[in-house]
Number of protein chains: 2
Amino acid sequence: MPVFHHYALSGPCRYIRLVLGEYGEEAEFREIEPLARSEDLLALNPAGTVPIFVDDNRAVISPAPVIAEYLAETRGVRFGEDSLIPATASERAETRRLVAWFGSKMHEEVTKLLVDELVLKRIAPKSRGGGSPDSTIIRAGRSNIHYHLRYIGYLVERRDWLTGNRMSLADLAAAAEISCLDYIGEVLWNDNEPAKSWYARIKSRLSFRPILADRVKGAPPTPHYGDLDF
Amino acid sequence: MPVFHHYALSGPCRYIRLVLGEYGEEAEFREIEPLARSEDLLALNPAGTVPIFVDDNRAVISPAPVIAEYLAETRGVRFGEDSLIPATASERAETRRLVAWFGSKMHEEVTKLLVDELVLKRIAPKSRGGGSPDSTIIRAGRSNIHYHLRYIGYLVERRDWLTGNRMSLADLAAAAEISCLDYIGEVLWNDNEPAKSWYARIKSRLSFRPILADRVKGAPPTPHYGDLDF
C-alpha cells in the first residue's frame, strides 16, 4: 500500500487527502511532528516538507501540487470525463493557477501563519519548534484572509465551482486551506455568503469526512467545525 | 500572435522564454516595470506577477510553471518523445518537483532577493518601487545560493541532466534562475565543477541566445555573462 506522510492541520496535506478520497484510494498514513526537523523526512524530500506520497513502486512524490497531478495521471484516468482535471488545456491551466493561488499563496499568507502561531508553536515543546506566538504574524494572517474569501466568493458566483461548472483540484486545494482555518475558528462565515455555500457543498462530500473527524491533541476544533449546516 | 508579459532579469520569465525557444514558438514580448504595481497586470493576473502568456485564443495563462505545462500540452506534443516532459508519471513528478524547487524555492530564497536588492531597487525611481538595498536580505541570498548550486552538482553527477538522461523543464527552470544570478556576478563557478559544466551545456543551446543578449539599462552584466566558455 502507498505511504502518505502528513500532519492533520496542514492545508497541502489535507488537499492530497481529499484527492485520495475523491479517487477512492487508500494509503498508510504516517503523521509527522509539524515543526520539528526530521532527517527521515529530509531523506525523502530535500525540502523537508510534507505531504510526501510514496507509491507502491517506491516512487517518492512531493510537494502537494505534484502529488495531485501524479494521482490524477495514475489514478484519475479511470474516472475519465469525471476527473478532477478539466479537459481543455486552458481550463487545466486555470485549475493549476488556482491550485497555486490557494495552495501556495493563500497558504503562505494566511493558513501557515495562523496555524503555526496559534496552534503548532503552542502545543509543540520548545525543543521541537514550540514557542510564543508572534502577534505581528497573526495580524498579517487575519488581515489577508478576507481577500482570499472574497476571491472564492467572486469566482463561485460566476462559475459555480472555482474553475468552471465542475469540481476540480482547485476546489479541493482551496477547501483544504479553508478547513484548517475553520478548525481554529478563523473564518468569519457571515462575511461572505457565496463562499460559505461553496464550502458547505464541498464539506458534505464523502472525501471530506475524515478531515471533519480530525482532532489535534491540545487544540480542539471550534464547535461548528464538523457541522454540515454551519 | 501570442503576447508574453515579462521582464528581463526574472528567473520565472526567462524559464518561459527558454520553453518558447525550445519549442520554436514566437510571441510578442511586452516588458513590464518589475517593481511597480500595475492595474493592467492585475487585470490579467490577480497575483500581479509576470510571466503572463496570452494565447491567440485569448486564454490568459500564469504563473510560470502553469505556462510551461500549457505550452507543453499545446505545443510540446508535436515533439513527441523529445518533449521537455518525461514519459512516465514518476519521472514527470520528479521534473515538476524540481521545477518547483528551482523556480519557487531557489527563486524566493536566492534570485529574487539578490536581483531585487542589488539591481531592481537601485535602478527604479522611488515612486516605482526603488529604494536602498537591504544588507540583511543580500546576506541571506548569498548564503542560500551555495546549497542550490551544490544540489545541481549532486543531481547532474548522478543523472546527466537534472531529472534523468534528457533535458527537461527542470533544467530550464534552474538555468533561468542561475542565468539571472550570473548576470549580476553572484555565481562563484569555481565552487562547483559539475554544476558549471551542466550550465555550459544549457548555455550553448539556441534557446539561450536571446537571454545572453539581455542588457538591463543601468545594470550591465558581468564580463563573462555571455561567454560560452566561462
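For every chain, the first residue of the written sequence is number 1, and numbering continues from 1 along that sequence. Naming scheme: in the order in which they are written, chains are lettered from A and ligands are numbered from 1. This being a predicted model, a pLDDT of at least 70 is required before a residue's local features are given, and a value of 80 or more before pairs of side-chain atoms are given or counted; all residues contribute to the totals for chains, interfaces and linings. Neither water nor hydrogens contribute to the side-chain values; these are computed over all heavy atoms in the structure.

### Regarding the pairing of strand 1 (residues 3-6) of chain B
Residue and element names in this part refer to chain B. Relative accessibility under 20% of the residue-type maximum defines a buried residue, over 50% an exposed one, and the middle range a partly exposed one, all with a 1.4 Å probe and only protein chains included. Only DSSP runs of H or I covering at least 4 residues are called helices, and only runs of E covering at least 2 are called strands; the numbering of each starts at the N terminus. Neither face of strand 1 is left uncovered, since the one carrying Val3 and His5 and the one carrying Phe4 and His6 both have all their residues buried. Strand pairing is defined by DSSP finding a minimum of two bridges between the two strands. Inspection of the sheet shows strand 1 paired to strand 2 (residues 28-31) by four bridges, in the parallel sense. By the bridge assignment, Val3 is partnered in strand 2 with Glu28. Whether a crossover is right-handed comes down to one check: with the strands pointing away from the viewer, does the path from the first strand over the helix to the second run clockwise; if it does, it is right-handed. Regarding topology, helix 1 (residues 11-22) serves as the crossover connection from strand 1 to the parallel strand 2, and that connection is right-handed. In this structure, strand 1 lies alongside strand 3 (residues 52-54), joined through three bridges in antiparallel fashion. Across the sheet, residue His5 finds its bridge partner in strand 3, namely Ile52.

### Some points on the relation of the copies chain B and chain A
The transform that puts chain B on chain A rotates by 180 degrees and translates by 0.0 Å along the axis, for an RMSD of 0.0 Å. One copy is carried onto the other by what is essentially a two-fold rotation axis. Identified as the residue of chain B closest to the rotation axis by C-alpha distance is B:Ser104, at 5.1 Å. When the interface residues of chain B are mapped onto chain A, 100% of them again fall at the interface, so both copies present the same face. The atoms used to superpose the copies are C-alpha atoms, taken from residues with pLDDT of at least 70 in both, and the fit is least squares. Any two residues whose heavy atoms approach within 4.5 Å at even a single point are treated as in contact.

### Comments concerning the sheet that holds strand 3 of chain B
Consider a sheet: its strands pair through backbone hydrogen bonds, and that pairing is either parallel or antiparallel. Residues and elements named next belong to chain B. With mixed pairing, the four strands of this open sheet are ordered in space as 2-1-3-4. The sheet is open, and its two edges are formed by strand 2 and strand 4 (60-61), each paired on a single side. With two bridges connecting them, strand 3 and strand 4 associate as antiparallel partners. Considered in strand 4, the bridge of Phe53 is made with Ile61. In this description, a line fitted to the C-alpha atoms serves as the axis of each element, helices being fitted only across the stretch in contact, and the angle between N-to-C directions of two axes falls anywhere from 0 to 180 degrees. The strands touched by helix 1 within the sheet are strand 1, strand 2 and strand 3, with strand 1 carrying the most contacts at an inclination of about 150 degrees. Lying on the sheet, helix 3 (residues 64-74) is in contact with strand 3 and strand 4; it crosses strand 3 at an angle near 35 degrees.

### Digging into the packing of helix 1 of chain B against helix 6 (residues 169-183) of chain B
Packed helix pairs are specified by the crossing angle of their axes together with the interaxial distance, meaning the distance between the axes. All names here are of chain B. One can describe the packing of helix 1 onto helix 6 by two numbers: an axis separation of 8 Å at closest approach and a directional angle of 130 degrees. Overall, the two elements helix 1 and helix 6 adopt an arrangement that is oblique. The interaxial crossing formed by helix 1 with helix 6 has right-handed handedness. On helix 6, the residues that touch Gly11, Pro12, Arg14, Tyr15, Leu18, Val19 and Glu22 of helix 1 are Leu169, Leu172, Ala173, Ala176, Glu177, Ser179, Cys180 and Tyr183. Angle categories are assigned with fixed cut-offs, so that under 35 degrees is roughly parallel, over 145 is roughly antiparallel, 65 to 115 is roughly perpendicular, and the rest are oblique. Helix crossings get a hand from a simple test, with the near helix turned counterclockwise from the far one by less than a right angle marking a left-handed crossing and a clockwise turn marking a right-handed one.

### Remarks on empty space enclosed by the protein
Residue and element names in this part refer to chain B. Residues are called lining when one of their atoms sits within 4 Å of a cavity or pocket point, these points coming from a 1 Å grid over the protein atoms alone, where a cavity is a set in which a 1.4 Å probe fits but cannot get out and a pocket is an open set with protein on both sides within 12 Å along at least five of seven lines. Grid points are joined across faces, edges and corners, and a volume is the space filled by probe spheres set on the points. Taken as a whole and judged by the stated rule, the model has one cavity of 30 Å³ or more. Estimates place the volume of the largest cavity at around 40 Å³. Forming the boundary of the largest cavity are Tyr7, Leu9, Ser10, Gly11, His107, Thr111, Lys112, Val115 and Asp116. Broken down by element, the lining of the largest cavity gets its largest block of residues, five residues, from helix 4 (residues 89-123). Gly counts as polar in this scheme, as do all residues outside two lists: the nonpolar Ala, Val, Leu, Ile, Met, Phe, Trp, Tyr, Cys and Pro, and the charged Asp, Glu, Lys and Arg. Class assignment of the residues belonging to the lining of the largest cavity gives a composition of three nonpolar, four polar and two charged.

### Examining the interface of chain B and chain A
At the junction of the two partners, chain B supplies 20 residues and chain A supplies 20 residues. For the pair chain B and chain A, the two sides together bury roughly 1700 Å², of which 68% comes from carbon and sulfur. The salt bridge definition used is simple: a Lys or Arg side-chain nitrogen within 4 Å of an Asp or Glu carboxyl oxygen. Counting across the interface, chain B meets chain A through four salt bridges. In this structure, B:Glu73 and A:Arg96 form a salt bridge, with 3.1 Å as the shortest nitrogen-oxygen distance. When contributions to the side of chain B that touches chain A are tallied by element, the ones reaching two or more residues are helix 3 and helix 4 of chain B. Per-element tally for the side of chain B that touches chain A: the top contributor is helix 4 of chain B, with seven residues. When grouped by side-chain class, the residues that make up the side of chain B that touches chain A number 11 nonpolar, four polar and five charged. Summed over both partners, the accessible area lost on bringing two parts together, with a 1.4 Å probe, is the buried area.

### Describing the confidence of the model for chain A
The predictor reports its confidence for every residue as pLDDT, a score running from 0 up to 100. Per-residue confidence for chain A averages 95 on the pLDDT scale, and 98% of its residues sit at or above 70. If you check the scores for this complex, the pTM reads 0.96 and the ipTM reads 0.95.

### Overview of the side chain of B:His148
Residues and elements named next belong to chain B. Within the fold, His148 resides in helix 5 (residues 135-159). Here the side chain of His148 touches Glu109 through a polar contact of 2.8 Å, side chain to side chain. Residue contacts for His148: discarding those within four places in its chain leaves Trp101, Phe102, Lys105, Met106, Glu109 and Val110. In protein, a polar contact requires one atom able to donate a hydrogen and another able to accept it; more generally it is a pair of N or O atoms within 3.5 Å, and residues adjacent in sequence count only if both atoms are side-chain atoms.

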